[in-house]
Amino acid sequence: MNWVLDNLDLIGRLTVAHLRQSTIAILVGFAVAVPIGWAAFRYTRLRGTVLGAVGILYTIPSFGLFALISAISGIPLLSETNLVVALTIYAVAIMTRSVTDGLASVESSVRNAAIAVGFGPWRRFWTVDFPLAGPVMLAGLRVTAVSTISLATVGALIGVQNLGYLFTNGSQRRILPEVFAGVLAVVIIALVIDALLLLAGRALMPWTRRTSPPRSRARMREVAV
């Protein structure tokens, strides 16, 4: 406990860095996954191939992926940029299937109605398909966010400063409070981001809120009287 109190400034700096790295990867990963997921949904013959190829990305070991990114792009191996790119690739691997499943969950009758009133493909996607696929995509985004926040700790393997530093440094120096502080900080960040995404989903998609059935509400009023 004394170690934590004496190093709150260090924990704070590492937390901010961890949040920055994770947030960039989550947002960029989502932006990239949406068109890929749409393509997999739109072209059914290629769906299995696209989703399979994207899914394989998640099986690549993190340190091996760091080396591949550095070799292919020229990004320095021991850099924050390398970590963010790797996290983005993992985020795309998780999120793409959720985008495809979300679009597939939209009923064809709704699309046909939009077409019947003159909606073009672009307008139909943003005003019909995307909003109605929102709940499924949000579920995938929540999983992606938690996974990314956890995976970001491997940045310590290449010298990137984030909460993973507390794991490695604490283990090497046998300072258990340092390790526990890192674990707790990562868990808290993941829970907070997950809660924020859930609240954002409820605010942006009010139609997904659960409401009591009419009979249940009537019965509640009778009991109150």
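The structure we're discussing is the one just above.
Residues numbered from 1 in each chain as written. Predicted model: local features only at pLDDT ≥ 70, side-chain atom pairs only at ≥ 80, totals over all residues. Heavy atoms only, no water.

(A) Spatial organisation of the nonpolar core. Counting residues in each nonpolar core, the largest one holds 31 residues, and the members touching the most others are W3, V99, L163 and L166. I75, A152, V154 and V160 belong to the second-largest nonpolar core, a separate cluster that totals 13 residues. (Core = buried A, V, L, I, M, F, W, Y, C linked by side-chain atoms within 4.5 Å. Buried < 20%, exposed > 50% of the residue type's maximum accessible area, 1.4 Å probe, protein only.)

(B) Region of interest: the packing of aromatic side chains. On inspection of all chains with the given rule, the structure shows seven aromatic pairs. Through a chain of ring-to-ring contacts, the aromatic side chains of W122, F125, W126 and F130 assemble into a single cluster. Lying across the ring of Y43, R42 places its NZ or CZ 5.3 Å from the centre. Lying across the ring of F119, R123 places its NZ or CZ 3.9 Å from the centre. (Phe/Tyr/Trp six-rings, centres within 6.5 Å; stacked < 30°, edge-to-face > 60°. Lys NZ or Arg CZ within 6 Å of the ring centre and 35° of its normal.)

(C) Fine view of a nonpolar patch on the surface. On the surface, L184, I188, V192, L196 and L199 cluster together to form a nonpolar patch covering roughly 470 Å² of accessible area. Assignment of secondary structure puts L196 in helix α10 (residues 176-204). (Patch = residues over 30% accessible without salt bridge, like charges linked within 9 Å, V, L, I, M, F, W, Y side chains within 5 Å. Areas by Shrake-Rupley, 256 points an atom, 1.4 Å probe, with all protein chains shown as cover. Salt bridge = Lys/Arg side-chain N within 4 Å of Asp/Glu carboxyl O. Helix = DSSP H or I, 4+ residues; strand = E, 2+ residues; numbered from the N terminus.)

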